[in-house]
Amino acid sequence: MNPAPRRPSRLLRAAAGLPCLLAADSARAATPGWMQELALALPLLVLLAALGCLWLARRRRAALCRHVRQSPQALLLADAGGRLLAISPHAPASAREGGPLSDCGFSAHDLTLLLDPAHPGHRDGLLAAHAELLAFPLPCAMPGLLLLRVQTQHAGHAPGDELASWRLALQEARLGLLEFDLDARTVQGSPQALHALLGLPADAERLAFSHWLELLHPEDRSLFSALLKHPEQRQESASGMEFRVRHPHGHWEWLEQRTQFRKDEQGRISHIHALCQIVTARKSAEAAMLRREQEFRTLVENSEDVIARYDLELRCQFINRSVGRYSALTREEHLGRGVHDKDWPDSARANFAEECAKLLTSGEARRFELELNLAARRVIFEVRLFPEFDLSGGLRSILAVEREITHSRQSERLLAEENAVMEMIAGNTPLQDALNQVCRMMESQLNRGACSIMLLNAAGDTLRLAAGQSLPPGYRQLLEQVPVGPEAGSCGTAVHRKSLVIVEDIALSPLWAGYREQIAPFGLQACWSTPIFSSDRRLLGAFAIYHPEPHQPEPEELQLAQRSTHLIAIALQRDAHEKKLYQLATLDELTSLCNRRQFIALAGREIERNRRYQLSLAVLMMDLDHFKSINDRHGHAKGDEVIVHFAQSCRNVLRSTDICGRLGGEEFAAVLPDTKMEDALLAAERLRRAVAEARLPGGEAGPLQYTVSIGVAVLRADESDIDEVLIRADRQLYQAKHSGRNCISGEELLLLR
């Protein structure tokens, strides 16, 4: 270890100041006092400054040496002559202080490069690299000194040491330093570098230019030859040259070189120093990336999605060919246009611009949906916006991917609306509301379409409008009664044919010839109709779709119409089933009059109404005379005909507001609201006479004739239950039976025959 530098001794300082004192004594006699003092002090100050600088330089150099000796890294400190001034404990074992750099394993070529401050290796961070040694220049505050960090193949370092990682990386990178001597026309490099780069024998150190050029790829040979012949003209282009070299194994290796030009005393370029690295893997990766980019562009161009790129001003920079399916503008016309110049509705443009603004603010991807009416059809897009950043992390552009999801969204919406209709049907919602919901469901799937539901009457010869709120009110009135026939518009013809009828233009269709003038004021120009069948293939009606302009239905629209007819059929059948259950629960199956339970319920409500408004109310109890003998003589089938005939006679004679019911067997009852005793007796007499005068076919036994006995009672002020009135009316019926039948008995002892 070198001892630390010591401060100048007192003897040295005295010897240095002696000449100055003698000079001052000789000049003191000839100058004034202050001039004499200045002449004495000035040389002393100059000498002291020079000694101070020398002392400071030695101190800094000693500190640097001390730092190197104490460093845990493998460091070497050498002077400009290549003599080692300090070494660290981890330096190569062959290195010794005071010895030359060549003791560390550097070749003569390496030493030339190491001691040349102008070599590009000082700038690039690597001065020497071969199989045994790696040398890295480090910043040094003292000019004329060279501070190196070295790594040898056998140097021991702890796992994870930074130098070991550097060595592994550089070995894999296969770096080498080459020197092109333009005068000698040779390429010189360390054997290790030539072996690593070119696969040459390990003892090769020099190649002729001609041999070097033969190793290059024919496409790269002319460029490199021009560099060697006219380096002055190629200084800029040669700084990052890439070229291919033939390897002895037969394959081509890509080399990248960073060059430094050295000039001789005449200013002519005499040497080219090149730091070379094999970049075959990178070039292969770039080629693969280029192929992937081309494949990606092919996918983008042929994608079903509309893919576009917008700058930060929301101007279109790129858009693929799929835009032609949704826009009247050509692909080229889209380029350069802003979002607000798109051929979209105002609301869609505003929504798109708003989402782009949110992306520009947050820098995060956005996802939303757009619904457009394009080319007479509704289109739904799922739009995804992705931010694109540059290498510095700044937002550069916006990538938009617009995927059509019309079918999926309409299917989801249709399913939800179908479920809503089914819930309405299951929840006993009125039929009218369910049918209107079906029309709204279908209209939400169409573009400017209006729907109607027509129901077939019991006779099967006319249709009536059941739902169609979107149609003009005047036209709805025309649909109250539509005939069924071969040329009865779309719905009447569809029911007649029992098949789908499509009329693309009403003005030209013979099916609408008889209705053309009637429909003209309402602006309906196209209509197609689908018949509605029940589950057992009974014809129930027709479902129609109207358009305000001539229109041919899409296959999807026809499928939607078919699905709608199934829902309508379910609603109609459920309604018919509910009505059937109601009839079974409230009406007599044979006569369709109220059964006993329904009659009692309706009569009770009528009594409450009459008591509230203080009205009169009469009750008739009726029983067919000798009905058992009719069954015995003519059979039970004829007996049923008699009961049905009597029920129909009640409907014909009594008022529509009167409540009539079959209480059991041949016994009937009727409630006559707002009726006094006199009026009730007259109504009963009309009914008795109509029955007595009737003649029914009796078959072999001859014509069948029957009579009825009737008891009449009036609701009293103190009565609140129908049973009380029925009991009194039943007593009067018994009185009529006792009086000879085919007569009427009332509480006022008025007897009519």
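Residues numbered from 1 in each chain as written. Predicted model: local features only at pLDDT ≥ 70, side-chain atom pairs only at ≥ 80, totals over all residues. Heavy atoms only, no water.

Caption draft 1: Broad picture of the overall build of the chain. Per the secondary structure count, the chain includes 22 helices and 28 strands. The proportion of buried residues among the 753 residues of the chain is 45%. Put simply, the chain shows about 40300 Å² of open surface, and 53% of that area lies on carbon and sulfur atoms. (Helix = DSSP H or I, 4+ residues; strand = E, 2+ residues; numbered from the N terminus. Buried < 20%, exposed > 50% of the residue type's maximum accessible area, 1.4 Å probe, protein only. Areas by Shrake-Rupley, 256 points an atom, 1.4 Å probe, with all protein chains shown as cover.)

Caption draft 2: The packing of helix α20 (residues 636-653) against helix α21 (residues 677-692), seen in detail. Two elements in contact, α20 and α21, have axes separated by 10 Å at closest approach and are oriented at 135 degrees. Comparing their axes, α21 and α20 come out oblique. Judged by the sense of rotation from one axis to the other, the crossing of α20 with α21 is right-handed. Across from Phe-646, Ser-649, Cys-650 and Val-653 in α20, the residues of α21 making contact are Ala-683, Arg-686, Leu-687, Ala-690 and Val-691. Classifying every residue of the contact of α20 with α21 by side-chain character gives seven nonpolar, one polar and one charged. (Axes fitted to C-alpha atoms, helices over the stretch in contact; angles between N-to-C directions. Parallel < 35°, antiparallel > 145°, perpendicular 65-115°, else oblique. Left-handed = near helix turned anticlockwise from the far one by under 90°. Contact = heavy atoms within 4.5 Å. Nonpolar A, V, L, I, M, F, W, Y, C, P; charged D, E, K, R; others polar.)

Caption draft 3: Geometry of the nonpolar core. Grouped together as the largest cluster of nonpolar side chains are 33 residues, with contacts concentrated most on Met-622, Leu-624, Phe-646, Tyr-706, Ile-710 and Val-712. Examining the composition of this core, we find that seven residues originate from one element, α21, more than from any other. Each residue touching Val-712, except ones within four places of it in the same chain, is listed here: Val-619, Leu-620, Met-677, Ala-680, Leu-681, Ala-684, Ala-729, Gln-732, Ile-744, Ser-745, Gly-746 and Glu-747. (Core = buried A, V, L, I, M, F, W, Y, C linked by side-chain atoms within 4.5 Å.)

Caption draft 4: Structural detail: the packing of aromatic side chains. All told, the structure shown has 14 aromatic pairs when counted by the stated rule. Where Tyr-326 meets Phe-381, the ring centres are 4.9 Å apart and the plane angle is 80 degrees; that geometry is what we call edge-to-face. In this pair, Tyr-326 sits in the loop between β13 (316-319) and α10 (331-334) while Phe-381 sits in strand β15 (residues 377-389), placing the two residues 55 residues apart along the sequence. When its relative accessible area of 12% is taken as the criterion, Tyr-326 is described as buried. Aromatic pair Trp-344 and Phe-352: ring centres 5.6 Å apart, planes at 75 degrees, arrangement edge-to-face. (Phe/Tyr/Trp six-rings, centres within 6.5 Å; stacked < 30°, edge-to-face > 60°.)

Caption draft 5: Up close: unusual backbone geometry. The phi dihedral of Gln-614 falls on the positive side, at around 55 degrees, and the residue is not glycine. With respect to the secondary-structure elements, Gln-614 resides in the loop between α18 (596-613) and β23 (617-624). Overall, Gln-614 belongs to the exposed group, its relative accessible area being 74%. Positive phi, normally seen in glycine, also occurs at His-626, with a value near 50 degrees. Mapped onto the fold, His-626 is located in the loop between β23 and α19 (627-634).

Caption draft 6: Main features of the pairing of strand β12 (residues 306-310). In terms of burial, β12 is a largely internal element, four of the five residues being buried. Looking at chain direction, β12 and strand β16 (residues 395-404) are connected through five bridges and run antiparallel. Looking across to β16, one finds that Tyr-310 is bridged to Ile-398. Both β12 and β13 contribute to a ladder of three bridges, which runs antiparallel. If you follow Tyr-310 over to β13, its bridge partner there is Cys-316. A loop of five residues connects β12 with β13, the two strands running antiparallel in sequence, and Leu-314 in this loop sits at a positive phi of about 65 degrees. (Pairing = 2+ DSSP bridges.)

Caption draft 7: Spotlight on the side chain of Ser-564. For Ser-564, the location among the structural elements is in helix α17 (residues 555-586). Setting aside residues no more than four positions away along its own chain, Ser-564 makes contact with Val-438, Met-441, Met-442 and Phe-543.

Caption draft 8: View of the sheet that holds β16. If you walk across this open sheet you meet the five strands as β13-β12-β16-β15-β14, and the pairing is antiparallel. Whereas interior strands pair on both sides, the edge strands pair on one side only; in this sheet they are β13 and β14 (366-374). The average undirected angle you get between the axes of adjacent strands in this sheet is 25 degrees. Packing of helix α11 (residues 346-362) onto the sheet brings it into contact with β12, β14, β15 and β16, and relative to β14 it is tilted by some 165 degrees.

Caption draft 9: Broad picture of the sheet that holds strand β11 (residues 269-278). Taking strand neighbours across the sheet as the criterion, the six strands line up as β8-β7-β6-β11-β10-β9 in an open arrangement whose pairing is antiparallel. Two strands lie at the open edges of the sheet, namely β8 (206-208) and β9 (241-246), each paired on one side alone. Here the strands of the sheet are splayed against their neighbours by 30 degrees on average, with no regard to which way each runs. Relative to strand β7 (residues 186-189), strand β6 (residues 175-181) runs antiparallel, the two being bridged by four bridges. Note that in β7 the partner of Glu-179 across the bridge is Gln-188. Those strands touched by helix α8 (residues 218-229) are β6, β9, β10 (252-263) and β11, and its axis lies near 120 degrees from that of β9. The strands that helix α9 (residues 280-301) touches are β9, β10 and β11; relative to β10, the one it contacts most, it runs at about 120 degrees.

Caption draft 10: Here's a closer look at the packing of helix α13 (residues 431-445) against α17. One can describe the packing of α13 onto α17 by two numbers: an axis separation of 10 Å at closest approach and a directional angle of 170 degrees. Between α13 and α17, the interaxial angle falls into the category roughly antiparallel. On the side of α13, the interface is formed by Leu-431, Leu-435, Val-438, Met-441, Met-442 and Gln-445, while α17 contributes Glu-557, Leu-560, Ala-561, Ser-564, Leu-567, Ile-568, Ala-571, Leu-572 and Asp-575. Looking at the contact of α13 with α17 residue by residue, the class counts come to 11 nonpolar, two polar and two charged.

Caption draft 11: Structural detail: the side chain of Asp-79. If you trace the backbone, Asp-79 turns up in strand β1 (residues 75-79). Within the structure, Asp-79 has its side chain in polar contact with the backbone nitrogen of Arg-83 (distance 2.8 Å). (Polar contact = N/O pair within 3.5 Å; in protein donor to acceptor, adjacent residues only side chain to side chain.)

Caption draft 12: Focus on α13. Taking 1.5 Å per residue, 15 residues should reach 21 Å; α13 reaches 22 Å between its end C-alpha atoms and fits that length. Most of α13 sits inside the fold, with 12 of its 15 residues counted as buried. For α13, every residue scored as buried is listed here: Leu-431, Ala-434, Leu-435, Asn-436, Gln-437, Val-438, Cys-439, Met-441, Met-442, Glu-443, Ser-444 and Gln-445. The inward-facing, buried residues of α13 abut β15, α12 (406-426), β17 (450-456), β18 (462-467), β22 (539-547) and α17. (Expected span 1.5 Å × (residues − 1).)

Caption draft 13: How the structure looks around the pattern of salt bridges. Following the criterion strictly, the structure yields 40 salt bridges and no others. Salt-bridge contacts for Arg-268 lead to Asp-264; the nearest nitrogen and oxygen are separated by 3.2 Å. Overall, Asp-264 belongs to the partly exposed group, its relative accessible area being 23%. Salt-bridge contacts for Lys-628 lead to Asp-632; the nearest nitrogen and oxygen are separated by 3.1 Å. Highlighted residues: Lys-628 and Asp-632, both in helix α19, separated by four residues, approximately one helical turn. Here Lys-628 and Asp-632 have matching classes, each one exposed. Where salt bridges share partners, they join Glu-242, Glu-256, Arg-282, Lys-283 and Glu-286 into one cluster. (Salt bridge = Lys/Arg side-chain N within 4 Å of Asp/Glu carboxyl O.)

Caption draft 14: A look at the environment of Glu-666. Along the polypeptide, Glu-666 turns up in the loop between β24 (659-664) and β25 (667-673). C-alpha separation for the pair Glu-666 and Asp-640, spaced 26 residues apart in sequence, amounts to 9.5 Å. In this structure Glu-666 touches Met-622, Asp-623, Leu-624 and Phe-627, once residues within four positions along its chain are discounted.

Caption draft 15: Structural detail: the environment of Ala-450. Mapped onto the secondary structure, Ala-450 falls in strand β17. A C-alpha to C-alpha distance of 5.7 Å links Ala-450 and Ser-470, two positions 20 residues apart in sequence.

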